[in-house]
Each structure stands twice: as C-alpha cells, then as structure tokens.
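# Coordinates in review
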Amino acid sequence: MQTQSTNSPPTDGTLVVGIDFSECCERALLNAVTLAEHGPGQLQLELVHVFEWPGAAESPASAESTPKPEESQAKVPDVVAQSQASLQRLAQLCSTVVGDRVSAKIRVLVGDPAARLLAAAERVNASLIVLGELGRSLQPRSELGSTAERVRTSSNVPVLLVP
C-alpha cells in the first residue's frame, strides 16, 4: 500500500499526530495545529504516544498489545508507571503547544509504534496522520525514521511527514 497523496488539506475529521517527544515531533505537532486552526472545516487533533514494551505480543490482524501470560504479572506495575508518566508528559505538551487553539485529545498506547499509530488512525477514521520524519529510535535507519517509513508505506490515510 502506498500513501495516498492529496493536494489540499483535509476539511474535517481527525488529524492523528504521532508523538515521541523528539524535537521533530514538536515541529510535526505545530504543523498539525496550524492545519487544524486554519483549515476550511472542523479538524481536531488526536495526539498519540506509543511506547514499546518487550512483554507485549503484537497481533498482526488487530495491532492490539497483549501481555504474555508469564510476564504480565511482573511487568504490570512498570507498564502502569510508564503509561502514567507518558500521559502526564503528553498532557503537558498538549497544554503548551496546542492550548485552546484547537480541539485535541491525548492517547498513550503500548506496542509497536507504527502498528499502533495505524490502528489509532483507523479507529478514529483519521483524515491525516502527521509525523516527524525522524524520531528517537536508536535503530539504524534510512533518511526517514523507521516508524515514519513504516507508517508512510502502510497507511491507507494520507501521511504528512515533517522534517
């Protein structure tokens, strides 16, 4: 699947913004806010942060994260703590950058970032996915970050990659 191209911004719906707390994602968020603010229709934002958890097993069909039974009991406090910390950080970023300029929701998910972002976009019937080209991953990558590249090549929704 290739990313659909569009010559005009969406007129209404939800813009899913992938947040990894990098500088590049902040530029992507600013672009999404500007699109939503100045777009011709009613656009809202959904800021999505996904953190990887080694105890999560990805289901390719649904992209849902489920703990492996033998690891779930021991890891739950760690996942809860990480989720709460990420949620607080995401709320602060939303407050600082978005403020009351446009309607925004925040969501923290666990699992594979690309798969979970695509699932989040599908769940809200997103008009556009907005991502920074490069994120915080330490994995070797090409010119694009690995998550951005995987979302771009797998999405049925237009993807805006912000340098």
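Residues numbered from 1 in each chain as written. Predicted model: local features only at pLDDT ≥ 70, side-chain atom pairs only at ≥ 80, totals over all residues. Heavy atoms only, no water.

### Description of the nonpolar core
- Ranked by size, the top nonpolar core spans 27 residues in total, and within it I19, L29 and L45 carry the most contacts.
- Listed by contribution, the elements that provide at least two residues to this core are β1 (13-18), α1 (23-38), β2 (43-51), α2 (69-98), β5 (104-110) and β6 (128-132).
- Formed by 17 residues, the second largest nonpolar core is a distinct cluster that contains L109, V124, I129 and A148. (Core = buried A, V, L, I, M, F, W, Y, C linked by side-chain atoms within 4.5 Å. Buried < 20%, exposed > 50% of the residue type's maximum accessible area, 1.4 Å probe, protein only. Helix = DSSP H or I, 4+ residues; strand = E, 2+ residues; numbered from the N terminus.)

### Some details on the pattern of salt bridges
- Using the criterion set out here, one finds five salt bridges in the structure.
- The shortest N-O distance in the salt bridge between R107 and E46 comes to 2.6 Å. Here the residue R107 occupies a position in strand β5, and E46 occupies one in strand β2, the gap between them amounting to 61 residues.
- Residue R107 is classed as partly exposed on the basis of its relative accessible area, which comes to 28%.
- Members of the salt-bridge network, linked through shared partners, are E46, R107 and R123. (Salt bridge = Lys/Arg side-chain N within 4 Å of Asp/Glu carboxyl O.)

### Re the sheet that holds strand β7 (residues 159-162)
- Spatially, β5-β2-β1-β6-β7 is the arrangement adopted by the five strands of the open sheet, whose pairing is parallel. Across the chains shown, the open sheet's two edge strands, defined by having one partner strand only, are β5 and β7. Neighbour-to-neighbour, the strand axes of the sheet open up by a mean angle of 25 degrees, direction not taken into account.
- As paired strands, β1 and β2 are joined by six bridges and run parallel to one another. Bridge pairing in β2 links G18 to V48.
- Of the strands in this sheet, β1, β2, β6 and β7 touch α1, which is tilted by about 160 degrees from β2. (Pairing = 2+ DSSP bridges. Axes fitted to C-alpha atoms, helices over the stretch in contact; angles between N-to-C directions. Contact = heavy atoms within 4.5 Å.)

### Some words on the side chain of S86
- Considering the arrangement of structural elements, one finds S86 in helix α2.
- Once you skip the residues sitting within four places of it in the chain, S86 turns out to touch F21, H49, F51 and V108.

### Concerning the packing of aromatic side chains
- Summed over the entire model, instances satisfying the criterion amount to zero aromatic pairs.
- When the ring centre of F21 is taken as origin, the NZ or CZ atom of R89, which lies over that ring, is 4.2 Å away. (Phe/Tyr/Trp six-rings, centres within 6.5 Å; stacked < 30°, edge-to-face > 60°. Lys NZ or Arg CZ within 6 Å of the ring centre and 35° of its normal.)

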